[in-house]
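Each chain, written out:
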2 protein chains.
Amino acid sequence: MMSPERPPIGLTLGSTAKVVSRAFDEALAVAGGSLPVWLTLLSVKTRKLANQRKIAAGIGIQGATLTHHLNGMEAEGLLVRRRHPTNRRTHQVELTEAGEALFVRLLEAAIAFDKRLRAGLGEGEIADLDRLLAKLRANVGEPG
Amino acid sequence: MMSPERPPIGLTLGSTAKVVSRAFDEALAVAGGSLPVWLTLLSVKTRKLANQRKIAAGIGIQGATLTHHLNGMEAEGLLVRRRHPTNRRTHQVELTEAGEALFVRLLEAAIAFDKRLRAGLGEGEIADLDRLLAKLRANVGEPG
DNA sequence: TATTGTTATACTCTATAACTATA
DNA sequence: TATAGTTATAGAGTATAACAATA
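Residues numbered from 1 in each chain as written. Chains lettered and ligands numbered in written order. Predicted model: local features only at pLDDT ≥ 70, side-chain atom pairs only at ≥ 80, totals over all residues. Heavy atoms only, no water.

J.: Which parts of the structure should I look at to understand the protein's contact with DNA strand C?
T.: Around DNA strand C lies a shell of 25 residues, among which A:Q52, A:R53, A:T67, A:R81 and B:R88 are the nearest. Within 4 Å of the protein, the contacting atoms of DNA strand C are 69% sugar and phosphate, with bases supplying the remainder. Here a base nitrogen of DNA strand C and a side-chain polar atom of A:R53 are 2.8 Å apart. Within the contact set of DNA strand C, a phosphate oxygen lies 3.0 Å away from a side-chain nitrogen or oxygen of B:H69. Those elements that provide at least two residues to the surface near DNA strand C are α1 (9-30), α3 (52-59) and α4 (63-75) of chain A together with α4 (63-75) of chain B. Element by element, the count of residues in the surface near DNA strand C is highest for α4(B), at four residues. Per-class residue counts for the surface near DNA strand C are four nonpolar, 13 polar and eight charged. (Near = heavy atom within 4 Å. Polar contact = N/O pair within 3.5 Å; in protein donor to acceptor, adjacent residues only side chain to side chain. Helix = DSSP H or I, 4+ residues; strand = E, 2+ residues; numbered from the N terminus. Nonpolar A, V, L, I, M, F, W, Y, C, P; charged D, E, K, R; others polar.)

J.: In this structure, what is going on with the environment of B:N71? I would like to understand it.
T.: Residues and elements named next belong to chain B. Here N71 shows up in helix α4. Taking the C-alpha atoms as reference points, N71 and R83, 12 residues apart in sequence, are found 15 Å from one another. A polar contact is formed between the side chain of N71 and the side chain of R81, at a distance of 2.6 Å.

J.: Can you walk me through the packing of aromatic side chains in this structure?
T.: For any pair of aromatic rings, the description rests on two quantities: the centre-to-centre distance and the angle between the ring planes. Residues and elements named next belong to chain A. In this structure the tally under the stated criterion is four aromatic pairs over all chains. Each ring, one from F24 and one from F113, has its centre 4.9 Å from the other, and the planes form 40°; the classification is tilted. You can see F24 sitting in helix α1 and its partner F113 sitting in helix α5 (residues 97-117), a full 89 residues away along the chain. Residue F24 shares its accessibility class with F113, and that shared class is buried. (Phe/Tyr/Trp six-rings, centres within 6.5 Å; stacked < 30°, edge-to-face > 60°. Buried < 20%, exposed > 50% of the residue type's maximum accessible area, 1.4 Å probe, protein only.)

In short, shape yes, function no, at least from these values alone.
Written out as structure tokens, the structure reads:
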């Protein structure tokens with residue numbers, strides 16, 4: 001039996017990611033943020049121990065690019081950078097009150113967005129999607 | 001039974017799309033192209049009848065953004081734009097020989113990439129992934 | 001010397017607003 | 001007036017290379 005014609009899966013993935021990430025960006029913008037700001041805040045909150053390079057790698061950007069975002073966020077009063085007391089090469093990134101508040105707002109926005117995104121999808125379908133996306137990552141050589 | 005902790009599906013989708021599209025971009029770059037150039041060539045070849053606005057919408061960008069890419073591609077000798085003979089408001093986009101040749105090279109690269117991307121995935125899994133991605137698009141309000 | 005992070009610079013993709021040409 | 005497309009301008013995100021500070 002012939003399989004039905006279907007666009008390449010990479011194209012479908014790309015266009016889906018484009019519309020989804022735009023919608024997510026808009027949701028974050030309404031809450032006063034953006035995708036890189038959200039990913040940065042999330043990393044700082046989640047992996048407090050990691051240095052900036054590890055945070056950058058976790059987000060999927062270069063160290064210098066993270067510095068660029070941190071500069072902007074520090075200028076906006078969302079965080080402060082201090083030298084680490086024992087290893088003074090590394091910096092400690094700490095959220096200010098404004099940064100913590102923004103984190104909470106963006107977290108709420110992200111939770112609401114994910115709920116919207118998962119509408120009509122069962123737990124098993126989400127697990128399937130997760131597993132299939134992991135296979136794609138593995139197939140392009142992503143170690144994670 | 002508790003469901004296992006899993007990052008939000010939007011985050012997983014975003015990071016997967018990032019690594020996959022970077023790998024695809026590299027594959028296209030090796031063949032002498034880029035993602036927007038490839039999408040533009042593909043649209044011009046596939047929907048010859050559509051005007052630029054429809055092509056732009058198909059790619060998911062604004063008309064002015066498409067003009068920007070067409071300018072670059074025309075400067076590189078990949079295509080020419082002519083006034084349509086009967087409706088002179090619209091432009092006919094035609095690939096030059098160089099444009100046709102690049103299309104073939106990028107097509108080969110895209111086919112090879114998709115093969116790599118689908119490694120170890122059965123036809124049913126691809127169909128599942130396709131269906132699940134369509135659901136996500138629908139959930140963020142995408143009409144297609 | 002090696003590591004961590006920053007600065008300087010620039011590129012790509014995208015967008016909006018104002019404009020021209022055509023209908 | 002409405003439509004198709006272009007030009008001008010700008011902004012966000014990213015990258016590389018060179019640098020400073022620390023170990």
